[in-house]
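# Report on the structure
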Amino acid sequence: MRAKWVRSTACAVTAVLLAACSVSVAGQGAVGAGGSSTSRGTAGSAGGAGATGAPVTGTSGNVITVPSSGAPASPSGAGPIGSSLPAPDGAVGSVGIGDPYYPRSGNGGYEVDHYDISLSYDPVVNDLHAVTTVTGKVTEASRLGRFDLDLQSGMNVSAVTVNGTAAAFEHQQAELVINPARGLPPGTALTVVVTYSGRPSVVPGGAANLGDGGWYRTPSGGAIAIGEPFSGSAWYPVNEHPSDTATYRITATVPQKWSVVANGIAATAGLPPVPTGRKAFRWTQSQPITSYEVTIYIDTFTTVTDRTADGRPIVSAFAPGTDVAKYKNLATDTRRIVQVLSNHFGPYPFAAAGGIYTGLPLRFALETATRPVYANWVDTDTIVHEMTHQWFGDDVVIRRWSDICLNECFASYGPWLWHQDVDGTNLDAQWVALMDGEAAGPDFWTSPLVDMGAGKEFTSVYSRGPLALHALRKQIGEKDFAALLKGWPATFGGKVAGYQDLVAYVDKISGQHLTAFMDAWFRGTVRPPARFLHPGGLGG
């Protein structure tokens, strides 16, 4: 993620929060905060609105609940508070994956390997019908008798099966609570099929007040799914925490005038049959990614294609009614950006690249895997930032939201490396200018880069992050820093990692004991002390 940026006189970048903005289309009401929605079903029967598969006729502007503000936990063995579910045949998976910043984000008792999302969408009335198949395995130490998926209350669930058998379920606020007909032994393969419909909307309370996540409507009447930390649960049932990554196949059927782009590679063979006047699209993401890195864009966009130096497809989409020529000029840099970054970070980690140029006045850009989403203020530095995320954040995944610097600090250093290589920028001079300028006062240091607190993740990482990494570069030297930039993705790619993993890795490659140095730069809430302030004579 990147907030809207401006350049300082030192040619560095600083996050600037814009005034709140909103995007609306005719026929879609405002989205409120708070409230709840409940639907119920039992094994062998369907429950909740939309059970017949008929078009949804409820009012627009469904109340959406952020996963961290759901109902309180229920006593062990009982259903959710106010529940009519039967007693579970086994243990109850935790409501929340265990992240203290967002206690109800994600879920326990299982892990997901793959999401197969098949949806039909009519943009004119914002009407979505879908079947999502979630496959994975049981991780509970004993028999699993109940577990949750995250799904916003704007979606009306009509049926759930677990391993081919109808399951009892209850949809309360942002939690879809599921009772398998029989408890599932540890290690059992898990296949959950959820049939649902509704009018998707946004999830209020986006990170650092940069904007809501979820299902945005576009001025042309289309839609795009984006947001961090919450987005996926607005339109499909998900274990919504970055530590549980999965592969994706997204199949979308839309009216003839619309097109669809999502993550990964487009498939043309084996598409489902569609009625006259509609068409189908399928996108496959074969490398595991987090749920907030998943997007779908439905609109009357135009596209341009290219290939990376090693032949991977680059697909970029441009929203209608925007300055397409400007965005195409920016998109043509993608190939070169991937090459420059690959020189520093190692091989590009995904099978495709590109971007989605929305032209929307969003207050953030987002590193949706293979195809980042850009706002109307996009520039080359923003593209470099989001493409750096493909290594740092999309391939190497954070363990907890308190570790977000592992994503954002490195992504914010990406433009420094770009300007070093492309423009010949003197990064030492840039660092000194910033330290003597905006970083000179005590307020700059009050928010740490690690364990900054919930809701503060996307603040100082953009400004302090590059300064800390450049200081680390001078402390360990050019050879070891280059080894860090390539070795970190090579070692932790496709895995989760935390800040302590970074400290241990830096110690290993440098042969130094740098806990105190790194804590001063990454955890400290004051300007680093003199013994750490000028590594390698930097600025001394």
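First, a word on scope: everything that follows refers to the structure included in this document. (Residues numbered from 1 in each chain as written. Predicted model: local features only at pLDDT ≥ 70, side-chain atom pairs only at ≥ 80, totals over all residues. Heavy atoms only, no water.)

## So, the side chain of Thr251
Among the secondary structure elements, Thr251 is positioned in strand S17 (residues 246-255). On the accessibility criterion, Thr251 (2% relative accessible area) is buried. The contacts of Thr251, once residues within four sequence positions are left out, are Ile117, Ser118, Leu119, Pro272, Phe281 and Arg282. (Helix = DSSP H or I, 4+ residues; strand = E, 2+ residues; numbered from the N terminus. Buried < 20%, exposed > 50% of the residue type's maximum accessible area, 1.4 Å probe, protein only. Contact = heavy atoms within 4.5 Å.)

## Some thoughts on the pairing of strand S12 (residues 175-179)
With five of five residues buried, S12 lies mostly within the body of the structure. Residue alternation in S12 divides its side chains into two sets, Glu175, Val177 and Asn179 and Leu176 and Ile178, and both sets are buried. The pairing of strand S8 (residues 144-150) with S12 spans four bridges and is antiparallel. Along S12, the bridge assignment pairs Phe147 with Ile178. As paired elements, strand S11 (residues 168-172) and S12 share five bridges and run antiparallel to each other. Paired with Gln172 across the bridge in S12 is Glu175. (Pairing = 2+ DSSP bridges.)

## Considering the nonpolar core
Trp235 and Trp521 are the most contacted members of the largest nonpolar core, which totals 146 residues. Element by element, the count of residues in this core is highest for helix H4 (residues 405-422), at eight residues. Excluding residues that lie within four positions of it along the chain, Trp235 makes contacts with Ile117, Leu119, Tyr196, Trp215, Ala225, Ile250, Val294 and Ile296. (Core = buried A, V, L, I, M, F, W, Y, C linked by side-chain atoms within 4.5 Å.)

## Some words on helix H7 (residues 478-492)
Since there are 3.6 residues in each turn of an α-helix, residues three or four apart along the chain are aligned in direction. Between the first and last C-alpha of H7 there are 21 Å, a value that for 15 residues agrees with the 21 Å anticipated at 1.5 Å per step. Of all bends in H7, the biggest is about 30°, found at Lys486, and the proline Pro489 comes one to four residues later. Where H7 is concerned, the buried positions are Asp480, Phe481, Leu484, Leu485, Gly487, Trp488, Pro489 and Phe492. On its buried face, H7 sits against helix H2 (334-345), H4, helix H6 (464-476), strand S28 (496-497) and helix H8 (499-510). (Expected span 1.5 Å × (residues − 1). Bend = angle between axes of the 7 residues up to and from the residue.)

## Examining the environment of Pro273
On the secondary structure map, Pro273 appears in the loop between strand S19 (265-267) and strand S20 (278-289). Take Pro273: its relative accessible area is 80%, and that puts it in the exposed class. Separated by 20 residues in sequence, Pro273 and Thr253 have C-alpha atoms that sit 9.5 Å apart.

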